[in-house]
Amino acid sequence: MATRWQGQCADCGEWNTLVEEAPQTVFSSKHDLSSGGRPIVFTPLDAPGELPVRRASGLAEFDRALGGGLVPGSAILMGGDPGIGKSTLLLQVSAHIASSGGTAVYVSGEEAAGQVRLRAERLGLSKAPILMASATSVRDILTTLGNMDTPSLLVIDSIQTMHSDQIEGAPGTVSQVRGCAFELIRYAKENGVTLILVGHVTKDGNIAGPRVLEHMVDVVMSFEGERSHQYRILRSLKNRFGPVDEIGVFAMEGAGLAEVGNPSMLFLSGREEPMAGSAVFPAMEGTRPVLIEIQALIVRLQSGATPRRAVVGWDNGRMAMLLAVLEARCGLNFSSAEVYLNVAGGYRLSDPAADLAVAAALVSALGDKPLSSNAVWFGEVSLAGEIRPVAHSAIRQRESAKLGFAKAFGPSSAAEQDPGGEGGKGLAFTGLGMLPNLVDRILSDA
Ligand SMILES: Nc1ncnc2c1ncn2[C@@H]1O[C@H](COP(=O)(O)OP(=O)(O)OP(=O)(O)O)[C@@H](O)[C@H]1O
Ligand SMILES: [Mg+2]
């Protein structure tokens, strides 16, 4: 929002997207709202009534990310980088719904009907009875929907291309996006339709348009991945009907997005030779373990130039903190070295238990000592250099053992939580109390 004319939007950096809006009437104290209204009805929480029944989309990974399927009368906003596969995924979901007794309406404002048909043909979905249209007028869309049987799913691709003749401004402007979304969501709520809105994202990854859009919908999802990599992750960022930590994993293939039911091996590079600077981390995504390779590279600088630090797939500040702890508590010196950290496979790590694996990768790279290729590392590191307990250590160990790893290193307490190593049969667990233990272990044995 700006209080005067401005050519460029300060939030998203787009030019000529700001529109003028009249200021709202300010209510004076003369307006007394304490009488003249109709009484509202209070109901007990356990009142008999229908609880919404979720509808399976047919794509188990999609349902998992949503917390168990589509809720009728709910609105979902899906963001994602251009070309990541949003239209592909939603066309597949629509096809599943349409082929399993539901009615799916897919409205594209971005592509002509021919283009959508071409995609459907490539995905092998031409026969699916989807009601598909290319339209951008919300009035046309709602009028048409009002004159037919209520569909179970309505996909709008994308909300930024929609416009309403009731609102001034070009499609994609804040007031248009907000107004169109409001009308579509109202239709969905009143008719028990599941609405999926595709949202464009800005350069820094936020959903373009008003932030209020995220408050208006029930679920916000983001479809992530590196376009150069095959894997795509569907994550829910907000969910009024379920947890937000489950992810859905897909692989982009010629025939569309294939579900990856067991993603635990995806993010390992599969090398035979152990290499310095590489550590395997058993991460948790919701209730699922995923093994991820973390790679560190350290380059000693000869000159006094300021060394670079670059992180891909992890938090920058968190790496700076770990480097500081390694320097202060373990006497290592990174100050004249460039440090690069990369999470394999285009994955973005958010699990705090990654600290120990990152530290192991950094120490291994610094000392040029490869870590044992059949070991996994997990644990949170405190500023004092303690290796702190993390959640789900038994599941992490079990999955590592299942995938053929023989050793796990983690917080000392993880052994107590899991007496007798029940978590990972065939996995030797070593508890590391303080970070210097880790450094000694890596730098002493070859
Ligand atoms: N013929 C093809 N074979 C294999 N993959 C293809 C083919 N055509 C497109 N793709 C894949 O599909 C992706 C495009 O998917 P899609 O159009 O669903 O993305 P989107 O997120 O909807 O993009 P936009 O933001 O432009 O709407 C491409 O990036 C590409 O990886
Ligand atoms: Mg698209």
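Residues numbered from 1 in each chain as written. Chains lettered and ligands numbered in written order. Predicted model: local features only at pLDDT ≥ 70, side-chain atom pairs only at ≥ 80, totals over all residues. Heavy atoms only, no water.

1. Overview of helix 8 (residues 355-367)
Point 1. Relative to the 18 Å expected for 13 residues at 1.5 Å per residue, helix 8 spans 18 Å between its end C-alpha atoms, a close match to the ideal helical length.
Point 2. Counting buried positions along helix 8 gives 11 out of 13 residues, so the element sits mostly inside the fold.
Point 3. Residues of helix 8 that are buried include every one of Asp355, Leu356, Ala357, Val358, Ala359, Ala360, Ala361, Leu362, Val363, Ser364 and Ala365, and no others.
Point 4. The positive-phi residue at the C-terminal boundary of helix 8 is Asp368, with phi of around 55°. (Helix = DSSP H or I, 4+ residues; strand = E, 2+ residues; numbered from the N terminus. Expected span 1.5 Å × (residues − 1). Buried < 20%, exposed > 50% of the residue type's maximum accessible area, 1.4 Å probe, protein only.)

2. Re the site of ligand 1
Point 1. Near ligand 1 there are 13 residues, and of these Gly83, Lys86, Ser87, Thr88 and Arg119 occur at the shortest range.
Point 2. At a separation of 2.8 Å, an oxygen atom of ligand 1 approaches a polar backbone atom of Lys86.
Point 3. Residue Thr88 places a side-chain N or O atom 2.5 Å away from an oxygen atom belonging to ligand 1.
Point 4. In the complex, the protein chains occlude 63% of the 650 Å² of accessible area that ligand 1 would expose alone.
Point 5. Breaking the shell around ligand 1 down by element, the ones donating at least two residues are helix 2 (86-99) and helix 3 (113-122).
Point 6. For the shell around ligand 1, the element with the highest residue contribution is helix 2, accounting for three residues.
Point 7. Considering only residue class, the shell around ligand 1 consists of three nonpolar, five polar and five charged. (Near = heavy atom within 4 Å. Polar contact = N/O pair within 3.5 Å; in protein donor to acceptor, adjacent residues only side chain to side chain. Areas by Shrake-Rupley, 256 points an atom, 1.4 Å probe, with all protein chains shown as cover. Nonpolar A, V, L, I, M, F, W, Y, C, P; charged D, E, K, R; others polar.)

3. Side note on the pattern of salt bridges
Point 1. Summed over all chains, the structure comprises 10 salt bridges.
Point 2. Residue Glu111 is joined to Arg119 by a salt bridge in which the shortest nitrogen-to-oxygen separation is 2.9 Å.
Point 3. Residue classification places Glu111 among the buried positions, given a relative accessible area of 15%.
Point 4. Within the structure, one salt-bridge network assembled from shared partners comprises Lys189, Asp218 and Arg240. (Salt bridge = Lys/Arg side-chain N within 4 Å of Asp/Glu carboxyl O.)

4. A word on the sheet that holds strand 6 (residues 219-224)
Think of a sheet as strands paired side by side through backbone hydrogen bonds, with each pair either parallel or antiparallel.
Point 1. Reading across the sheet, the nine strands line up as 3-2-4-5-1-6-7-8-9 and stay open at both edges, with mixed pairing between neighbours. Looking at the sheet topology across the chains shown, the edges are occupied by strand 3 (131-134) and strand 9 (256-259). The sheet shows a mean angle of 25° between the axes of neighbouring strands, direction not considered.
Point 2. Relative to strand 7 (residues 231-239), strand 6 is paired through six bridges, and the arrangement is antiparallel. In the strand pairing of strand 7, Val219 is matched with Asn239. (Pairing = 2+ DSSP bridges. Axes fitted to C-alpha atoms, helices over the stretch in contact; angles between N-to-C directions.)

5. With respect to the side chain of Ser158
Point 1. Mapping Ser158 onto the fold places it in the loop between strand 4 (153-157) and helix 5 (174-191).
Point 2. Classification of Ser158 by relative accessible area gives buried; the value is 0%.
Point 3. A distance of 2.9 Å separates a polar atom in the side chain of Ser158 from a polar atom in the side chain of Glu110.
Point 4. Ignoring any residue separated from it by four or fewer positions in sequence, one finds Ser158 in contact with Gly109, Glu110, Val198 and His200. (Contact = heavy atoms within 4.5 Å.)

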